[in-house]
Amino acid sequence: MSSLIDKMGAELRRGLVQIAALSLLRERLYGYQLVKILAACGLETEEGTLYPLLRRLESQGLLQSEWDTGGSRPRKYYVLSDEGRDVLPQLEGLWHEISSAVVTILDKGAPAGLLEASTE
Amino acid sequence: MNKPAQDAVRDWLDAAATAMGGGAERRRDALLELETTIYDRVDERTRGGQVPEEAVRDVLEILGDPAQVGSSFAPVRPLIAPHQTRGFILHTVMVFAVHFLLVIGATVADRGLAVGPLRIHPIADPTNFLSLLARAAGTLVFHAGAVMSVYALLPRLSRIVRFPRSALAARTDPRPSVESAIFFGLLLVALNVFRDDLFALYVDTGHGVSQLPFAGHGIVDNLLLLNLWLGVALGKELLVARLGERRWTLAADLLTQGLGVFALLRIAATERMVELAGAEEVLKGADSIGALLNSVFVVLAMVGAAMLAARGVRLAFRLYLLRS
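## Regarding the overall build of chain B
Thinking step 1. Helices and strands together make up the secondary structure of chain B, namely 11 helices and 4 strands.
Thinking step 2. Counting over 324 residues, chain B shows a buried share of 35%.
Thinking step 3. With the model as given, the accessible surface of chain B reaches about 18400 Å², and the carbon-plus-sulfur share is 64%.

## Points about the packing of helix α2 (residues 31-40) of chain A against helix α3 (residues 47-59) of chain A
Residue and element names in this part refer to chain A.
Thinking step 1. It is at 10 Å that the axes of α2 and α3 come closest, and there the two elements cross at 120 degrees. As summarised for this structure, α2 and α3 are arranged oblique, according to the angle between their axes. Crossing hand, α2 versus α3: right-handed. The residues of α3 that touch α2, namely those facing G31, Y32, L34, V35 and L38, are E47, L50, Y51 and L54.

## A word on the interface of chain A and chain B
Thinking step 1. Counting residues at the interface gives 16 residues for chain A and 16 residues for chain B.
Thinking step 2. In total, about 1500 Å² of surface goes out of reach between chain A and chain B, with carbon and sulfur atoms giving 51% of it.
Thinking step 3. Area buried by chain A at its contact with chain B is led by Y32(A), R55(A) and R73(A), which between them contribute 38% of it.
Thinking step 4. The interface formed by chain A and chain B holds 15 residue pairs in polar contact (both at pLDDT 80 or more) in total.
Thinking step 5. Residue contributions to the side of chain A that touches chain B peak at 5 residues, all from α3(A).

## What about the pairing of strand β3 (residues 75-80) of chain A?
Residues and elements named next belong to chain A.
Thinking step 1. Counting buried residues along β3, 6 of its 6 residues qualify, which places the element largely inside the surrounding structure.
Thinking step 2. Burial along β3 is two-sided: R75, Y77 and V79 and K76, Y78 and L80, pointing in opposite directions, are all buried.
Thinking step 3. Bridge count between strand β2 (residues 63-68) and β3: 6 bridges; the pairing is antiparallel. Bridge pairing in β3 links D68 to R75.
Thinking step 4. Taken together, β2 and the strand that follows it, β3, pair antiparallel across an intervening segment of 6 residues.

## Considerations on the side chain of T36(B)
Thinking step 1. You can see T36(B) is positioned in helix α2 (residues 24-47).
Thinking step 2. In this structure T36(B) comes out as buried when scored by relative accessible area, which is 7%.

## Some details on the packing of α3(A) against α2(B)
Thinking step 1. Viewed as axis vectors pointing N to C, α3(A) and α2(B) meet at an angle of 140 degrees, and their least axial separation amounts to 12 Å. By the angle class used here, α3(A) and α2(B) are oblique. Read as a crossing pair, α3(A) and α2(B) show a hand that is right-handed. Of the residues in α2(B), those in contact with E47(A), Y51(A) and R55(A) of α3(A) are D29(B), A30(B), E33(B), L34(B), T37(B) and R41(B).
Thinking step 2. Within the contact of α3(A) with α2(B), the residues separate by chemical class into 3 nonpolar, 1 polar and 5 charged.

## Examining the pattern of salt bridges
Thinking step 1. Within the structure shown, the criterion is met by 15 salt bridges over all chains.
Thinking step 2. Measuring nitrogen to oxygen at the nearest pair gives 3.3 Å for the salt bridge that ties E66(A) to R28(A). With E66(A) in strand β2 and R28(A) in the loop between α1 (2-24) and β1 (29-30), the pair connects residues that are 38 residues apart, well separated along the chain.
Thinking step 3. The residue R73(A) makes a salt bridge to D40(B) at a minimum N-O spacing of 2.9 Å. Here R73(A) is found in the loop between β2 and β3, whereas its partner D40(B) is found in helix α2 on a different chain. With respect to class, R73(A) is no different from D40(B); both count as buried.
Thinking step 4. Each of the salt bridges in this network shares a partner with another, and the network as a whole consists of R55(A), E58(A), K76(A), D29(B) and E33(B).

## Considerations on the environment of I104(B)
Residue and element names in this part refer to chain B.
Thinking step 1. When you line up the elements, I104 lands in helix α5 (residues 85-109).
Thinking step 2. On the basis of relative accessible area, I104 is assigned to the partly exposed category, the value being 33%.
Thinking step 3. Sequence separation between I104 and P122 is 18 residues, and the spatial gap between their C-alpha atoms is 7.2 Å.

## So, the packing of aromatic side chains
Residue and element names in this part refer to chain B.
Thinking step 1. Under the definition given, this model contains 2 aromatic pairs over all chains.
Thinking step 2. When the centroid spacing of 5.6 Å and the interplanar angle of 20 degrees are considered together, the rings of F96 and F100 count as stacked. Of the two residues, F96 and F100 both sit in helix α5, 4 residues apart, roughly one turn of that helix. Each member of the pair F96 and F100 is classed as buried.

## Looking at the confidence of the model for chain B
Thinking step 1. Residue-level pLDDT values for chain B average 72, and 65% of them are 70 or greater.
Thinking step 2. The ipTM, which scores confidence in the relative placement of chains, is 0.85 for this predicted complex, and the corresponding pTM is 0.49.

## Some remarks on the nonpolar core
Thinking step 1. Counting 43 residues, the largest nonpolar core has L50(A), W12(B) and I38(B) as its most contacted members.
Thinking step 2. A per-element tally of this core places helix α1 (residues 3-20) of chain B first, with 7 residues.
Thinking step 3. The contact partners of W12(B), leaving out residues within four places of it in the chain, are L34(B), I38(B), L60(B), L63(B), G64(B), P66(B) and V69(B).
Thinking step 4. With 11 residues, the next largest nonpolar core counts V147(B), V303(B), A306(B) and M307(B) among its residues.

Definitions and cut-offs
- Residues numbered from 1 in each chain as written.
- Chains lettered and ligands numbered in written order.
- Predicted model: local features only at pLDDT ≥ 70, side-chain atom pairs only at ≥ 80, totals over all residues.
- Heavy atoms only, no water.
- Helix = DSSP H or I, 4+ residues; strand = E, 2+ residues; numbered from the N terminus.
- Buried < 20%, exposed > 50% of the residue type's maximum accessible area, 1.4 Å probe, protein only.
- Areas by Shrake-Rupley, 256 points an atom, 1.4 Å probe, with all protein chains shown as cover.
- Axes fitted to C-alpha atoms, helices over the stretch in contact; angles between N-to-C directions.
- Parallel < 35°, antiparallel > 145°, perpendicular 65-115°, else oblique.
- Left-handed = near helix turned anticlockwise from the far one by under 90°.
- Contact = heavy atoms within 4.5 Å.
- Buried area = accessible area lost by both parts, 1.4 Å probe.
- Polar contact = N/O pair within 3.5 Å; in protein donor to acceptor, adjacent residues only side chain to side chain.
- Pairing = 2+ DSSP bridges.
- Nonpolar A, V, L, I, M, F, W, Y, C, P; charged D, E, K, R; others polar.
- Salt bridge = Lys/Arg side-chain N within 4 Å of Asp/Glu carboxyl O.
- Phe/Tyr/Trp six-rings, centres within 6.5 Å; stacked < 30°, edge-to-face > 60°.
- pLDDT = per-residue confidence, 0-100.
- Core = buried A, V, L, I, M, F, W, Y, C linked by side-chain atoms within 4.5 Å.

Structural data, given as structure tokens:
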């Protein structure tokens, strides 16, 4: 049972990490920095999940990246692209809609009257 | 950090790299990012007083199975691209339908049919539903496999070789196509210049191997048809470049598809289409290899014909829409 919950939790988290990462990447951050911030916020994510996700978002044009070789070791920094900055507010709006719908369902169940109507 | 710890990191990264797939640059990029992360994590632990070897062991354990991490970076490449699924189903059904109709024809005539090297046998007991079903299922699986191989192979091949736009392309937006015309012209010339090498037939005369003269082969008719097809394709491209008008473009495309279907079906129906140099007459025991190559060629010709026919139907429909 717990493995099922783990699996469902991982799936749920994977979807949420996408919007969380995009939101955090208004600032220029490197991968491991992002891993730590997400973990500190309660969205623990493995590198094996996050790094491919960042690459996918980059290939979709929402992020841009560059290697910084000036420090003690090379780091790949990510930041929102112009397209990403356009898309993010719309995604946030969508997220608020979805989350408030889910919270309503979890707290109050189906709206009164709809359950009877749908079973007729 | 000492060498064993560095070796452990290197081994982990090597194992991840083998599961990554994709291009070398993409792999290098991902590995460097993972390596940096590993050393960042190790640094945090050693600053906290942990021994480097232990820190490396812990970090690698946290990162998990390198093969799994590596495979998560692998680009997702389905065997058939989602946008080609409908085409794959359509062509499989078309090739299957042609083959199964031949099976039904052979069964009704109660004798085997020979289509190229393919031997179509009648169904042993057509009144037995299970026998019929088994034959249909076997044929369907065979053709699904053959068409899938074409669909899976072409995109991979096209990533390696940049194909010029071919006669298969349904042109909806008429643009100058001089490049395509040049391509078909060159193909036409190449086919004729190298025809003896491409379609050579060798025989062992007992006094050594000799090559039969080109003329007199059954292949000649098919080659002429291919020439004609390429010639029409060349003409079509020039016409499109000159006229640049949608209705004529579609009509010219339709003509090319029709001739292509005819050429390919004729090839598929011709007995012993291609005798590859060094085939059975020269090498004893190569009979089965020659037959296999012929079968592959015939199936590819049938698939090609089905694809052209599907394009043709689509073009005819568009032309009809334009006319109405």
